[in-house]
Amino acid sequence: MLLLTEAFMGRGVSADRLTLFISAVGDAVLAKFVELGVHELGPPPAKFCFMVMGSASRSEQTLESDQDNAIIVEDVPDEQADEALGYFLNLGEKVCGWLDRAGYEYCRGGFMAQSPQWRRPLSDWKTYFSDWIFSFEPELQVRFGTFFDFRCAYGEKSLTKELRSHVFQLLERSLGFFRHLSEIATRYTIPLGFFGNVLVESKGGHRGELNVKTAMEPLIFMIRFYAFKHGMEAIRTAERLNLLVERGLFSETKRDGLLQAYNFLTRARIEREIRTLREQGEGSSLHIRPKELSRRDYESLKASLSAIKRLQKDLRAEEL
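Keep in mind that what you see is a predicted model, and the values were worked out from it rather than measured.

Chemist: Would you mind going over the side chain of Ser23 in detail, with residue names and values included?
Modeler: Here Ser23 lies in helix H2 (residues 15-41). The class of Ser23 is buried, set by a relative accessible area of 1%. One polar contact links the side chain of Ser23 to the main-chain carbonyl oxygen of Thr19, over a distance of 2.7 Å. Setting aside residues up to four positions removed in sequence, Ser23 forms contacts with Ser59, Glu60 and Gln61.

Chemist: Now, about the sheet that holds strand S2 (residues 69-73): what can you tell me, with residues and values included?
Modeler: Note: strands within a sheet are paired through backbone hydrogen bonds, in either parallel or antiparallel orientation. In spatial order, the strands read S3-S2-S1-S4; together these four strands make up an open sheet with mixed pairing. Two strands lie at the open edges of the sheet, namely strand S3 (119-121) and strand S4 (150-155), each paired on one side alone. Shown here is a sheet whose adjacent strand axes are inclined to one another by a mean of 30°, direction ignored. Bridge count between strand S1 (residues 48-53) and S4: five bridges; the pairing is antiparallel. Across the sheet, residue Phe50 finds its bridge partner in S4, namely Tyr154. Sitting on the sheet, helix H5 (residues 122-134) touches S1, S2, S3 and S4, and the angle it makes with S3 is about 100°. Those strands touched by helix H7 (residues 157-171) are S1, S2 and S4, and its axis lies near 165° from that of S4.

Chemist: Account for the pattern of salt bridges, with residues named and values stated.
Modeler: Counted under the stated rule, the structure contains 20 salt bridges. What you see here is one network of salt bridges that share partners, running through Arg58, Glu60, Asp149, Arg224 and Arg240.

Chemist: Quick one: what's the story with the environment of Ile235, residue by residue and with numbers?
Modeler: Within the secondary structure, Ile235 sits in the loop between helix H9 (212-229) and helix H10 (237-246). Considering only alpha carbons, one finds Ile235 and Lys161, 74 residues apart in sequence, at a separation of 13 Å. Apart from residues no more than four positions distant in its own chain, Ile235 is found in contact with Ser57, Arg58, Asp149, Phe150, Arg151, Arg164 and Arg240.

Chemist: Explain the environment of Ser55 to me, and be specific about the residues and the numbers.
Modeler: Mapped onto the fold, Ser55 is located in helix H3 (residues 54-57). Counting along the chain gives 15 residues from Ser55 to Ala70, while the straight-line C-alpha distance between them is 14 Å. Beyond its immediate stretch of four places on either side in the chain, Ser55 contacts Glu60, Gln61 and Ser65.

Chemist: Hey, could you go over the packing of aromatic side chains for me, with residue numbers and the actual values?
Modeler: Applying the stated criterion across every chain yields a total of 32 aromatic pairs. Centroid distance Trp118 to Trp132: 6.3 Å. Interplanar angle 50°. Geometry classified as tilted. You can see Trp118 sitting in the loop between helix H4 (78-101) and S3 and its partner Trp132 sitting in helix H5, a full 14 residues away along the chain. With respect to class, Trp118 is no different from Trp132; both count as buried. Aromatic side chains Phe177 and Phe178 sit 5.5 Å apart centroid to centroid with 80° between the ring planes, which places their arrangement in the edge-to-face category. Taken individually, Phe177 and Phe178 each receive the classification buried, so the pair is uniform in this respect. Above the ring of Phe150, the side-chain terminus of Arg164 is found at 4.4 Å from the ring centroid. When the ring centre of Phe250 is taken as origin, the NZ or CZ atom of Lys254, which lies over that ring, is 4.1 Å away.

Conventions and cut-offs
- Residues numbered from 1 in each chain as written.
- Predicted model: local features only at pLDDT ≥ 70, side-chain atom pairs only at ≥ 80, totals over all residues.
- Heavy atoms only, no water.
- Helix = DSSP H or I, 4+ residues; strand = E, 2+ residues; numbered from the N terminus.
- Buried < 20%, exposed > 50% of the residue type's maximum accessible area, 1.4 Å probe, protein only.
- Polar contact = N/O pair within 3.5 Å; in protein donor to acceptor, adjacent residues only side chain to side chain.
- Contact = heavy atoms within 4.5 Å.
- Pairing = 2+ DSSP bridges.
- Axes fitted to C-alpha atoms, helices over the stretch in contact; angles between N-to-C directions.
- Salt bridge = Lys/Arg side-chain N within 4 Å of Asp/Glu carboxyl O.
- Phe/Tyr/Trp six-rings, centres within 6.5 Å; stacked < 30°, edge-to-face > 60°.
- Lys NZ or Arg CZ within 6 Å of the ring centre and 35° of its normal.

Take a look at the structure:
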């Protein structure tokens, strides 16, 4: 994976296509492990979907993305439920364990199919989303935000299709949800100073550095906000931006600036990951030192952060 990613980057492949490639490999690995698990455990007692969330669902994984997965099980009669859920808990534990050994680290937040909480019947998943969307606690919508981007990576796709339909029906009835998301979006701190200089951490082990993942989070969050608000079921960030242009909600210039920001920050993260893997073999690779960038890259970083900050300003103005 590392060698192929380096080769593609050397040929000028865009960050968007790099994440598609990395995510496709991740999908293939997950599918193989699910098949191995089913082979060991025997035929599944019910239809199921092995679901991925977050960057995996958007096909925007980088080299060191961790696991975000879950299992949706079709609703079965009560007398069959314990057997079915027991089977899928075993399957989830096997698959997540194999993924970790293959280099896809366990999710620090525990959002994985090996947890009983995240391998549930479809009806329970509908209840989860109802609770999150209609909650009066915005922090719940932040904590479980990764679940709002999801897709079926293996199994019965009709289960995620039905769940997505349910989610969008709920969104049509929840003005409070969008008000909460808007408030969350405007609270993000964009690391750009008053005079346009890039802000870095001032103390601690990452003094003088910028966390690229953190810098990207408000962009992903706000684009998802617009997509949900306007009933768009597209998952990938680039697809959402293109739809926003098609519907006349964003100008092409605004879309292009945000796509450039996404691609630059993603590429910077992948370059940092490659460097870390080459030098250490493992470890954190989310921070870069802006002062070590070339003049051209530093200006691109400032332009990227400026585009995100303008998007935040536009969103704030729209919600007043």
